[in-house]
Each structure stands twice: as C-alpha cells, then as structure tokens.
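# Chains, contacts and geometry: an overview
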Amino acid sequence: MATTTLQPMRRHDVDLKLRAAKMRRSDLAAGKSTSMAHLAVVRPTKTSALNLSSRRVAVWLWPNIMHDDKTRVHSPLPPAWLLCVDGLESIVACTPTIVSFHGFSACGLLVVESVKVHVPYNKKSQLRCTRSFQCCRILSVSSDYSCRRKICFAYFTSGSMKALIVPLAVALAALAKWCLAFPSYSASNNASVGGLYNLVGRRIPQHAEAFRFALASGNTTGPDTFTLRDVTSQDDSCGAQIYIECNSISACARGLYTYVTEFGGVDIWWTGSRLDQIPDPLPSVGTPVTRSSVVRYRYFFNTVTFSYTTAFYAFEDWELLLDWMALRGINSPLAWVGYEYILVEVFREAGLSDADIADFLSGPAFQAWNRFGNIQGSWMGELPRQWIDDQFALQKKLVSRMVELGMTPVLPSFTGFVPRTFATLYPNASVVVGGQWNGFPPTYTNDSFLEPFDPLFATLQKSFIDKQSAAYGNVSHIYTLDQYNENNPYNGSLSYLANISSATIASLKSVDPQAVWLMQGWLFFSAETFWTNERVQAYLEGVPGNDSMVILDLYSEAQPQWQRLDSYFGKQWIWCELHDFGGNQGMEGNFINVTAAPMEALSSPGSTMVGMGLTPEGLEGNELVYDVLLDQAWLSDALDRAAYVTSWTSRRYYTPDLPSAAVNAWQLLSSTVYSNTDPSSQATVKSILELEPALDGLVNRTGHHPTLVFYDTNTTVVPALKMLIEAGYKSEQLTSVPEYQYDLVDITRQLLANRFIDIYQSLITVYNSSTSTENDVSRAAEPLRELLFDLDRVLLTNSHFLLPRWISAAKAWSRGNATISSYLEYNARNQITLWGPTGQINDYASKQWGGLVSGYYARRWEAFVQYLIETKKNGTSYNTTTVSDIMLEIGEEWDKQLSDSEKAYLGSTDNSWETVQQIVAKYC
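Now for a look at the structure at hand.

### Section: helix α12 (residues 455-472)
Turn by turn, an α-helix covers 3.6 residues, leaving residues three or four places apart pointing in a common direction. Here α12 spans 26 Å end to end across 18 residues, near enough to the 26 Å set by a 1.5 Å rise per residue. Regarding α12, the residues found buried are F457, L460, Q461, S463, F464, I465, Q468 and Y472. Phi turns positive one or two residues past the end of α12, at G473, with a value near 90 degrees.

### Description of the pairing of strand β27 (residues 549-553)
In terms of burial, β27 is largely enclosed, as 5 of its 5 residues are buried. Of the two faces of β27, both are covered, the one formed by M549, I551 and D553 as well as the one formed by V550 and L552. Sheet topology note: the β27/strand β28 (residues 572-577) ladder contains 4 bridges and is parallel. In the sheet register, D553 faces β28, and the bridge partner there is W575.

### Considering the sheet that holds strand β24 (residues 448-450)
Within the open sheet, the 3 strands sit side by side as β22-β24-β23. Their pairing is antiparallel. Among the strands making up the open sheet, the edge pair consists of β22 (417-418) and β23 (431-433). The sheet contact formed by β23 and β24 spans 3 bridges and is antiparallel. Within β24, the position partnered with V433 by the bridge is S448.

### Some thoughts on unusual backbone geometry
Cis rather than trans, the peptide bond between D280 and P281 has omega equal to 10 degrees. For P281, the location among the structural elements is in the loop between β18 (272-273) and β19 (289-292). Unlike most non-glycine residues, F569 shows phi in positive territory, near 50 degrees. As for its placement among the helices and strands, F569 is situated in helix α16 (residues 566-569).

### Things to note about the pattern of salt bridges
All chains considered together, the criterion is met by 38 salt bridges. One salt bridge in this structure joins E340 and R371, with 2.9 Å as the shortest N-O distance. Taken together, the positions of E340 in helix α7 (residues 339-349) and R371 in helix α9 (residues 367-371) put the pair 31 residues apart, joining distant regions of the chain. Judged by its relative accessible area of 5%, E340 is buried. Linking E786 and K922 is a salt bridge whose minimum nitrogen-to-oxygen distance equals 2.3 Å. In this pair, E786 is assigned in helix α23 (residues 774-795) and K922 in helix α29 (residues 912-923), connecting sequence segments 136 residues apart. Owing to a relative accessible area of 41%, K922 belongs among the partly exposed residues under this scheme. One salt-bridge network, held together by shared partners, links R202, R203, E319, D323, R401 and E404.

### Structural notes on the packing of aromatic side chains
If you walk through the whole model with that rule in mind, you get 66 aromatic pairs. Consider the rings of F226 and W634, whose centres lie 5.9 Å apart with planes at 50 degrees: the pair is tilted. Of the two residues, F226 is situated in strand β15 (residues 225-230) and W634 in the loop between α18 (623-632) and α19 (641-652); the sequence distance between them amounts to 408 residues. Residue class for F226 comes out buried when judged on its relative accessible area of 1%. Between R535 and the ring centre of F530, over which it is positioned, the NZ or CZ distance is 4.2 Å. Taking the ring centre of W269 as reference, the NZ or CZ of R652 above it sits at 4.9 Å.

### Observations regarding the pairing of strand β20 (residues 297-300)
Neither face of β20 is exposed, since Y297 and Y299 on one face and R298 and F300 on the opposite face are all buried. Sheet topology places β20 next to strand β29 (residues 609-614); 4 bridges connect them, and they run parallel. Bridge pairing in β29 links Y299 to G613. In terms of strand pairing, β20 meets strand β21 (residues 332-333) through 2 bridges, oriented parallel. Note on β21: the bridge partner recorded for Y299 is S332.

### Looking at the sheet that holds strand β14 (residues 211-215)
Strand order across the open sheet formed by 4 strands is β14-β16-β15-β19, with mixed pairing between neighbours. Edge strands, defined here as strands with exactly one partner in the open sheet, are β14 and β19. Here the average twist between neighbouring strands, direction ignored, is 15 degrees. Bridge count for β15 against strand β16 (residues 242-246) is 5 bridges, and the pairing is antiparallel. Within the sheet, the bridge partner assigned to F226 lies in β16 and is C246. Helix-sheet contacts for helix α4 (residues 249-263) involve β14, β15, β16 and β19, and the interaxial angle to β15 is about 45 degrees.

### Concerning the packing of α19 against helix α20 (residues 660-671)
Two elements in contact, α19 and α20, have axes whose closest approach is 9 Å; the angle formed by their N-to-C orientations is 135 degrees. Viewed along their axes, α19 and α20 adopt a mutual orientation that is oblique. For α19 against α20, the interelement crossing comes out right-handed. Seen from α19, the contacting residues are R641, A642, V645, T646, W648 and T649; seen from α20, they are A662, V663, W666, Q667, S670 and S671.

Conventions we followed
- Just so you know, the residues in each chain are numbered from 1, in the order the chain's sequence is written.
- Side-chain atom pairs in this predicted model are given and counted only at pLDDT of 80 or more, local residue features only at pLDDT of at least 70, and totals for whole chains, interfaces and linings cover all residues.
- Excluding hydrogens and water, the side-chain figures rest on all heavy atoms present in the structure.
- Secondary structure is summarised from DSSP: a helix means a run of H or I of at least four residues, a strand means a run of E of at least two, and numbering begins at the N terminus for each.
- For a helix, the expected span equals 1.5 Å multiplied by the residue count minus one.
- When accessible area is computed with a 1.4 Å probe and restricted to protein chains, residues below 20% of their type maximum are described as buried, those above 50% as exposed, and intermediate ones as partly exposed.
- When DSSP locates at least two bridges between a pair of strands, those strands are taken to pair.
- Salt bridge, as used here: a side-chain nitrogen of Lys or Arg that lies within 4 Å of a carboxyl oxygen of Asp or Glu.
- In this analysis, rings of Phe, Tyr and Trp, with Trp reduced to its six-membered ring, are considered paired at centre separations within 6.5 Å, and the interplanar angle assigns stacked below 30 degrees, edge-to-face beyond 60, and tilted for intermediate values.
- We call a charge positioned over a ring when the NZ of a Lys or the CZ of an Arg lies within 6 Å of the ring centre and within 35 degrees of the ring normal.
- Working convention: axes come from line fits to C-alpha atoms, limited for helices to the stretch in contact. Angles between N-to-C directions cover 0 to 180 degrees.
- Here, residues are in contact when the closest pair of their heavy atoms is within 4.5 Å.
- Angle categories: roughly parallel below 35 degrees, roughly antiparallel above 145, roughly perpendicular from 65 to 115, and oblique for all the rest.
- What makes a crossing left-handed is the near helix being turned counterclockwise from the far one by less than a right angle; a clockwise turn instead makes it right-handed.

Here it is in structure tokens:
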C-alpha cells in the first residue's frame, strides 16, 4: 500500500473534482457505501475558505479515508459525526478536520455525483475565511444524526505517512472542540431538526438562514422545553440571528412559533401562512425566553375530522395544516389516512375475497364511521381501488412529514370490525353482530365484530401492524382503537368487558411491546346509561398498569367525564376541546373553559391528566378558541383573555398601525360570543336555515347541536361588525389582509343567520293565525327569500365559503376518470345534506357555503313556503310527513347533480368589502 506525505500547495487555485458513484436508496438502506472521493487537505495557519456548488451532499467524517489509488489513511476518529450540506455556495472553514464523501444509511441520501472545491491561496502563504455562510444545512430527510459546525478540508498527496500525524492530531482536537461546544442529539434519539429548517424555508424563505436549532442531549424524559435567544459571538452562527435550543423537535417548533408571534408579530392560520411578512431585519429577542409544556401530549384530531374536513385534502392542504400544527406545539396527531389499504391487505391474507371486502368498505366521505364499526358498505357504489391506493400514497407523505416536524403519529390498528362473510369463512370464530346505528337500514349497519379474545384477533392485529410498520417505518408506538363508539358491547357483564380490553391490549403488545392504546372517551358520555362507573372501571382495568392506555376525555369543555370516573381510575387521559360538531360554523366559545378548566383538572388531587388536545369534528372557523387551548398548554397559569385577544388580533390583522377598532371588535366578541356560560349549549351554534323546514322544533334547541343563540345579536355581532368596517376605513392595507376579509364574511354570515330566526318566527306566526290568507303568508316569506339571497351573495365573495371548493377537492381525486368523479361528487354532496341513503342523519354536517345556500337551502325553504301557501289556500291541515317527503325528494335530486366545478369555483366577482357594507346597512 502506498504511503502519503503532506505537501504545501504553491498554487493560487487548486480545483479538484470530488466524484462518487451514484447510490440508490436501497443501497443506502443496506449500509453500502460509494467509492471514496478525492480529498483536498491544507493546514492553514488560521482559516481557509472553500466553495462548494452542489445540489445535495452527504459528508461523513470517517476514520478510514481511501483515495482513488487505494491509498488508505488511518485515523483514530470515530465514525460519529454526519454533516449534511444542501446547495451551499460556500463553507467557511476555520479549523482543519478530515472529511470524505460517503453514502451512509442513517442519512438516507443520494451522494452527489460531482463537487467542485475551490481553495484560494494568498501571497502570505496563509488562507483566510472570505465569506461567512451557513456551514451545514440539515436536509429534509429522516436522519439519525445532525451537525451544524464549521469545518475545514485537508489535502493529501502521495508521500510519507509521518508528515500527516501533526496536522491530523490538530484536526481531531479542533473537531472535538467544535463538536462538544454545541448541543447535539444522539443517534439513539432518532431525531433531527432538519424538518424545522425546511419549515422555515417554506414559510419564511427570506430568512431561511437566520435561525439556528439545537437539539440538546439529555432531559428527554422531562417536559418539552425550549430556550429562545439571540445568537451571540460565542455561537457557531454561520450568519444566523436567532438561536432556539430544545429537548425535542416539537419544543423547537414551538420555540420558533413563540419567536414569530411574540417578537415578529406574525402568525399562520387555516386560511394561510403570513409568516413571510415578519419584519426585516428580524427583531432581537433580548432577554432569553425559556418555556416548558405543562403536559406531555398536545393532541389533535377527532376520528371524524378525517371525513368532515380533510376527506378530500390534497398534500398541499395537509402541508399548511401540518405546519400550523407543528408550530403550535402539537406532538401527537391522529393519522387515519390510507387505513383502508392496509386493512384490505389484511383481509386478503385472511382469505376474504375482493367482493367480500368491497361490500364492507364505505365511501370516502363516510369512512370514519366504517372505521368506528357504525356503518358498512357504500350506498353510492363500491369504493374505487384507485382511491384506496392514492390515499395510501398520501399517508406515506403525511407520516413522513409528521415525523420530520417532531410529531409522533397516532396510527390505526386492527379494531375487530370485519366483513359479514368473515363468520362464514371462520364458522368457529367469536363474531358478534353490532346494533343498528342512527336508523340506517341493516344493509349498511349492524357491523360484525371479531371479539378480541378470539385467537384470530391477535393474528389479524399482527398482520395489520406488521404491514403498517413496513409501509411507514417504526415511527410510533401509539395506536388508536375504538370498539364501542355509539355501539354498545354485546355483553354488559364486568368480566366480559375486562376480557375484551385485556385481550385487545395483549394483541397490541404481542406485536409491539411498547404499544400504547389510545381511545376516544365519547362512549362514556354518549352511552352513559350503559357505561356505569362499575362497567367503565372493569373495562379500563382490563389493561394492566396505567402506562399502556390513554383516554381522550373528548368533550371536556362541556361534558367532562374524568370527574365522574375518578380520573379514569388511574389511566392516563387527555383534556380535550370538542366544540364543533359536523363542521358547523356558528360562532361560539367558552374562554374560561379552555384556559382555567384544564389547569384545574391538571392540578386536581389524584389527577392522571397527561395532555391537552383539540378534537373538533370539523375545522370551520372559530380559530380563536382552538388557539387558546394550544397556547395554554405552554403556560402554568390561565391566560388572561383581554391581553390574549389583543395580541391575537394584532397578529391576525398584521398591518402597520392597526386601528384600535379592530381590536375592540374582537374584545367585544371574546367577552360575549366566546364567553358562553350557558351549560345547555356548549358547542358551535347551528343556524336553523340549514335545517329541514318545519312549523316547530327548530328554534332554541340545546345540547351539543344547539340552535339556541345565547347572546344578543344587536349588542354583540352588530357592533363588532361595524367596528371591523370602521377599522377598514382607517386602514386601507387592512382590507387586503386575507384573515380580515374572511372574518368580515364570517361575522356577516352570523348576522344573517341570526336575523333569519326572527324572519322565520314571523312567518310561522302569520301562518298560524286563523285570519291570515295565502297572500299574507307569501308576503311574510318574502324577507326570508331575500335574506337567503343576500347570504349566498356575501358567501360567494370569499373562496373559503364556497361549495365548489369542497366538490372540486373531491373530484380532483378522480384523476380524470368520469365514473370516479361522479362517485366522489355524490359522496361530497350527500355528506353535507342527507348524510345517508335516505336522510338518516339529515343536515348533521350542513354548511353555510355560497352555492349551497342558493342551490339547496333556498330551494327547500321555497318549497316549504309554497306548501304553506297551498294549505292556506285549500284550507287543509299541515302534514309533517308530506313536508318531509318533499324535502327528501329535493335532497335526493340535489345529491345526484353533477357540477361544472371549474366555473362554479370562481364564485362571485363582487367585492367582500362592498357587499358586507350593503348588508350591514340593510340588516342593522
């Protein structure tokens, strides 16, 4: 073997091509490496500057450096540091180290084919740093290592080995100094902050190099904590300005959010990200800020959110929502997308035919309830295989992005619900048939349930989790599993219930010894008559210990069960805000219940609360009440409403010199509409205009689907809307802020929804009068018709309130297949109207959307009015059944329509600002 000596360079420029063979990802996964590249090594007196031009480079500090001529240089450097570089113009090198380009499975990257290294040399025989760039940039890949330190290159030529010893020793000493100077996260933690750099690049591209994230080793069992400060001269900043140190990726994301909101004054919303509007230059932090989460889990999603809101989301929609989640500190999101792909493979392996499986699966807009075991089959045709495959591909992206952003996805598992023919295929299996759900015909309900103590259950569980792990990787040990959502157990004996839960957790643990079973606690409220304290205790205590189960106290803000159930008899549980049912849009909230209440629960004697979470059925407005809970999760004292709303409004309407009228509007709303203390109506308020018309029973409903308006519209919504308009007149820039435009339309929508109640009651009063005529009824109905027209008009001015937005999203998944497009559109239409083949859950998921109001609700109300006129004219009695039949016919006809979504999606050409003012002048 040849020897080497260190020789000084006597040229002003030394250009070396660093070449390495291409590597496939499969090679990297197998741990294979490329051939080693040429190395450039100098031993400068002070510093050196190197220019790299590359798309993507994986640099591995390796002990055995091999030249193309097979010369090997041995060093005591352990293979423990990985440097990832992405498209850098320059790397500043201030200390000599040894590097090589090398493919490595931990990084999971393709090694770049060619890198050009330029080493300038000055007349004083001394190299200098010429520019200060970020030295290394973590890539958007799953990586076990991270390093963000300055490096230097060394150049070897043939010669004596002895001359290498001194510079090599200096290099190793310098490397140790740099690597120990900054916190890093060991490979065993399987974490990298690379996803956060990508997030910054997506949302704040002009400051992509301004943030430095440091994932500290140790303290991984304590609360998620971050420290936010300015970069100092002692840091290896590489041009960064803001330094965020944390003990988890989620904490770092929350630290970034703290900076952009509290120091930058900007935010990210469901309507879009405004983080790119952060001031330039970036504001300084000043006194460092350190915060810790008061709970281990910050949870997000309800199983049905995946049907009511995200059913037809494309990756771009998910990308915004995932960034929103990560920045707000969510670390445990539910991840149901693509479930059917794995389930189909499990059923096929069990011997079920494709026809058997197709008869079991439900349509895209209703999959949540198929997963719950409430319904089976699809009343609009079989679920297309294309949909199953596409959703599976989407889930791979989502899980990867969740992990990259520091979130541990709560993954599905085998629940026990099987096709009807399973009992025929396995006649000795313990299969029971569930009850009828919400009046659905037997064809579409009475799901078959394989009891967990049957050995087949564990077999199918292993098949499911093994396939899921192969698809997404071993990224989580938390599994969602709900067996009795609005569907009571086959047997109510305490021993039976304990056996069910005991066998369920055993099936999970047999595949994943670290498995944690997460379940929604809705059943303990919705079926409280069945789920007595004794039965709940037996069911929960079937799971050994208290660390293998987490219960979502799903409706904590209104119907908490943790108190009745003695903190779930020692099991871990999460305080959740449900708030929204069916994606309804009515403005409502209870500020005190999402600030002080969770803190009181956390500190209550014997509390086993471990998290705070959002579990809305749909995401349709009311962002304020969701933001509050997620922010409360990082504070030990209850938030002050007035101070919080001032800051929140300033970020939402980020403009110079925001008029005080805008803040005052939200202060008014937050102290009234969002401070609901009426215990009978703690949920989004549903407008009666969305309900099937009737003579009575529409107004002042209570419960978790209320129509009761608990505030005075004239002293709350009206002045708040006028104040927002006033603010628009004082700031022309404000009128162009997307969130301001959204809120103008949303509050106007609420105004008209409330005014509709008065008009409806006047109509019914006229109709019920023994002296009224058909002409009187027609005149009384005219304001109703006019209001619906005005409501549709204002909704059409904002893309977030358009029916075609929902339908177009559904049809986009057809990929041009006309049959699938029609199938998906029917799904989308049926969910928000009849919700079932013949209106089984009619209007549950109703929406106030432009095109839906005029095309569906206005049509129903017009038919209702015409029926009232006819009965007055003919002197016949009102017949409820006749009216319901008329409405069902309208619903069935509307659901089967096909739309020209491209035209409809354009909405109105009217301006929201002008339209809102016209409506305010008319109805206020």
